[in-house]
Amino acid sequence: MFWYRYLYVGERAKRYRSSIIRGIREKRYCPGVYVITPPSNGNNTLDIYPQYMLLLGGYRNREFHILGIAVGRREALNLAGTIVSDMYALTGGFCLDRFLTERGSRV
């Protein structure tokens with residue numbers, strides 16, 4: 001699991017940031033927590049997963065690059081919107097690789 005150097009954290013998640021990160025690293029269930037990652041296919045801009053998905057068989061052995069954490073689905077959607085907005089402001093487009101490269105972190 002890789003963590004984005006400039007990790008995006010939702011407002012509610014800020015209160016529990018360290019315990020959420022610790023829980024994800026230790027592969028413990030964190031109720032209500034969502035993670036935002038680069039897309040698993042070329043058709044999306046970002047992927048949003050409930051944290052418990054990372055504990056399931058098909059996902060357990062995959063390497064994820066976590067760009068953001070949020071508490072609640074609405075906060076996750078707002079945070080993904082913030083990431084996309086920042087991406088567009090910096091690059092003038094929706095190329096995540098270019099955005100991460102220009103911010104100094106590559107997937």
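Residues numbered from 1 in each chain as written. Predicted model: local features only at pLDDT ≥ 70, side-chain atom pairs only at ≥ 80, totals over all residues. Heavy atoms only, no water.

K.L.:
Honestly, the pattern of salt bridges in this entry has me stumped. Any pointers?
P.N.:
Pairing between side chains of opposite charge can happen when their charged atoms approach one another. Under the counting rule described, the total for this entry stands at 3 salt bridges. Where Glu11 meets Lys14, a salt bridge forms, and the shortest distance between an N and an O atom there is 3.1 Å. Of this pair, Glu11 and Lys14 both sit in helix 1 (residues 11-14), separated by 3 residues, roughly a single helical turn. A salt bridge links Arg98 to Glu102; the shortest N-O distance between them is 3.0 Å. Separated by 4 residues within a single helix, Arg98 and Glu102 lie in helix 5 (residues 96-102), roughly one turn from each other. Among the residues examined, Arg98 registers a relative accessible area of 42% and is labelled partly exposed. Relative accessible area serves as the criterion here: at 42%, Glu102 is assigned to the partly exposed category. (Salt bridge = Lys/Arg side-chain N within 4 Å of Asp/Glu carboxyl O. Helix = DSSP H or I, 4+ residues; strand = E, 2+ residues; numbered from the N terminus. Buried < 20%, exposed > 50% of the residue type's maximum accessible area, 1.4 Å probe, protein only.)

K.L.:
In this structure, what is going on with empty space enclosed by the protein? I would like to understand it.
P.N.:
Over the atoms a probe the size of a water molecule is rolled, and this reveals where empty space is left. Summed over all chains, the structure comprises 1 cavity of 30 Å³ or more. Considered as a void within the structure, the largest cavity measures approximately 60 Å³ in volume. Forming the walls of the largest cavity are Met1, Ile24, Lys27, Gln51, Leu54, Leu55, Tyr59, Arg60, Arg62 and Phe64. (1 Å grid on protein atoms, 1.4 Å probe; cavity = no way out; pocket = protein on both sides within 12 Å on 5 of 7 lines; lining within 4 Å. Points joined across faces, edges and corners; volume = space filled by probe spheres on them.)

K.L.:
Help me understand the environment of Ala76, please; the structure alone is not making it clear to me.
P.N.:
Following the sequence through the fold, Ala76 ends up in helix 4 (residues 73-91). With near-sequence residues (within four places) excluded, Ala76 lies in contact with Tyr34, Ile36, Ile48 and Ala70. (Contact = heavy atoms within 4.5 Å.)

K.L.:
Can you walk me through the pairing of strand 4 (residues 65-71) in this structure?
P.N.:
Both faces of the sheet carry side chains from a regular strand, because those side chains alternate between them. Where burial is concerned, most of strand 4 is hidden: 7 out of the 7 residues are buried. The sheet contact formed by strand 2 (residues 33-37) and strand 4 spans 4 bridges and is antiparallel. Across the sheet, Val35 pairs through a bridge with Ile69, a residue of strand 4. (Pairing = 2+ DSSP bridges.)

K.L.:
How should the packing of aromatic side chains be read in this particular structure?
P.N.:
For any pair of aromatic rings, the description rests on two quantities: the centre-to-centre distance and the angle between the ring planes. If you walk through the whole model with that rule in mind, you get 6 aromatic pairs. Judged by centre distance (6.4 Å) and plane angle (25°), the ring pair of Tyr59 and Phe64 falls under stacked. Among the residues examined, Phe64 registers a relative accessible area of 4% and is labelled buried. Following the ring pairs from residue to residue traces out a cluster consisting of Tyr4, Tyr6 and Tyr8. (Phe/Tyr/Trp six-rings, centres within 6.5 Å; stacked < 30°, edge-to-face > 60°.)

K.L.:
What is the right way to look at the sheet that holds strand 1 (residues 2-9) in this model?
P.N.:
Neighbouring strands of a sheet are bound in pairs by backbone hydrogen bonds; such pairs are parallel or else antiparallel. Across the sheet, 4 strands lie side by side as 1-4-2-3; this open sheet has mixed pairing. Each edge of the open sheet is held by one strand with a lone partner, namely strand 1 and strand 3 (47-50). Sheet twist, expressed as the average angle between the axes of neighbouring strands with direction ignored, equals 30°. Of the strands in this sheet, strand 1, strand 2 and strand 4 are in contact with helix 2 (residues 17-25), which crosses strand 1 at around 150°. (Axes fitted to C-alpha atoms, helices over the stretch in contact; angles between N-to-C directions.)

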